[in-house]
Structure formats: C-alpha cells, structure tokens
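Inside the fold
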Amino acid sequence: MREVNASEEQEQESSEWNVRELSGSEFDELSAASRYGGFQQTSEMAALAQSDGMQTQYVGLVDSHDAPVAGALVAFSQGRFGVEGSLWLGPLCNGNNREQMTALTEGLREAAGTGSRHQPDVLAQPGVLRS
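Residues numbered from 1 in each chain as written. Predicted model: local features only at pLDDT ≥ 70, side-chain atom pairs only at ≥ 80, totals over all residues. Heavy atoms only, no water.

1. Here we look at the pattern of salt bridges
Under the criterion given, the structure shown has three salt bridges. For Arg20, the salt bridge goes to Asp66, with nearest N and O atoms at 2.8 Å. With Arg20 in strand E1 (residues 18-21) and Asp66 in the loop between strand E2 (55-62) and strand E3 (68-79), this pair connects stretches of sequence that are 46 residues apart. On the basis of relative accessibility, which here comes to 25%, the residue Arg20 falls in the partly exposed class. Residue Asp66 is classed as partly exposed on the basis of its relative accessible area, which comes to 42%. Measuring nitrogen to oxygen at the nearest pair gives 2.4 Å for the salt bridge that ties Glu106 to Arg109. Placement of both Glu106 and Arg109 in helix H4 (residues 98-112) is noted, with a separation of three residues, approximately one turn of the helix. Of the residues examined, Glu106 reaches a relative accessible area of 38% and is grouped as partly exposed. The exposure class of Arg109 is partly exposed, given its relative accessible area of 22%. Connected through shared salt-bridge partners, Arg20, Glu26 and Asp66 make up one network. (Salt bridge = Lys/Arg side-chain N within 4 Å of Asp/Glu carboxyl O. Helix = DSSP H or I, 4+ residues; strand = E, 2+ residues; numbered from the N terminus. Buried < 20%, exposed > 50% of the residue type's maximum accessible area, 1.4 Å probe, protein only.)

Here's what the structure looks like:
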C-alpha cells in the first residue's frame, strides 16, 4: 500500500475546504511552498500592482484547520467595460485536481462579485474551466 503524503491528504479533504481572503504573509508562505509559486504570486507583486493604481486581493482555499492549500492574487483594474480582475501566471493550485480548481474558481467568482465588481467571467487557462 502506498503512503499518502501531507499535500495529498490535504487535497483529499475537499469537503472541508473553505474560501477566505488570505493575508499577505499567508499568501507569501503558500507561494514559497508551491511549485507554482513565483514573484508574480507574492505580496511584492501586489504592492507593485497597487503602485500602478490597481486593487488587489488574495483569495485562498483553506483546509479544515484553516491552513491555506491553494490561492490566487487577483489584481483589479479599470477596463474598457468595467472592472477587470487578472491572475498573473495562474493560481497557486494543482490544476489537475478538478475539485480543488472548482472550489478556488467559485471563491474567485465570489471575490469578483463583491463591491463594485459585476458579472464575473472566470477563465482558467488554457480553457480548462469557464464560468
């Protein structure tokens, strides 16, 4: 029988996932621990985007212990037809885990629908999920 490592165990706890806003330090820790992490998924990138007039938000998927297991930095800017949200280099998420991607996408949709943002259209590249 194969042993299950901690990250696989967290991915299996899909019924225990919740979506919440992460702090900058939580997001940085998630990015540093993720093979999908990089500068464009850090609080430093958020500060750079904010210096250009964008609003940013860290949307996270947390396990039953409130520990982040996936997340995304969303940068909101004024587009031609309203506010647009961008994820640079995609989310910090296992793209092969459909349940996790769906849960995070729902969280991104909720984030996009709050405040002055309207009618979100969440597209996961390369066209895997579209809502």
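Right, picking up where we left off after that structure.
2. Comments concerning the sheet that holds E2
Sheet strands pair by backbone hydrogen bonding; their relative direction is either parallel or antiparallel. The strand order E1-E2-E3-E4 describes an open sheet built from four strands, whose pairing is antiparallel. Bordering the open sheet on either side are E1 and strand E4 (82-86), each of which pairs with just one other strand. In this sheet, adjacent strand axes meet at a mean angle of 30° when their direction is disregarded. Relative to E2, E1 is paired through four bridges, and the arrangement is antiparallel. The partner of Asn18 across the bridge, within E2, is Val62. Against the sheet, helix H2 (residues 24-33) engages E1, E2 and E3, with an angle of about 115° to E3. (Pairing = 2+ DSSP bridges. Axes fitted to C-alpha atoms, helices over the stretch in contact; angles between N-to-C directions. Contact = heavy atoms within 4.5 Å.)

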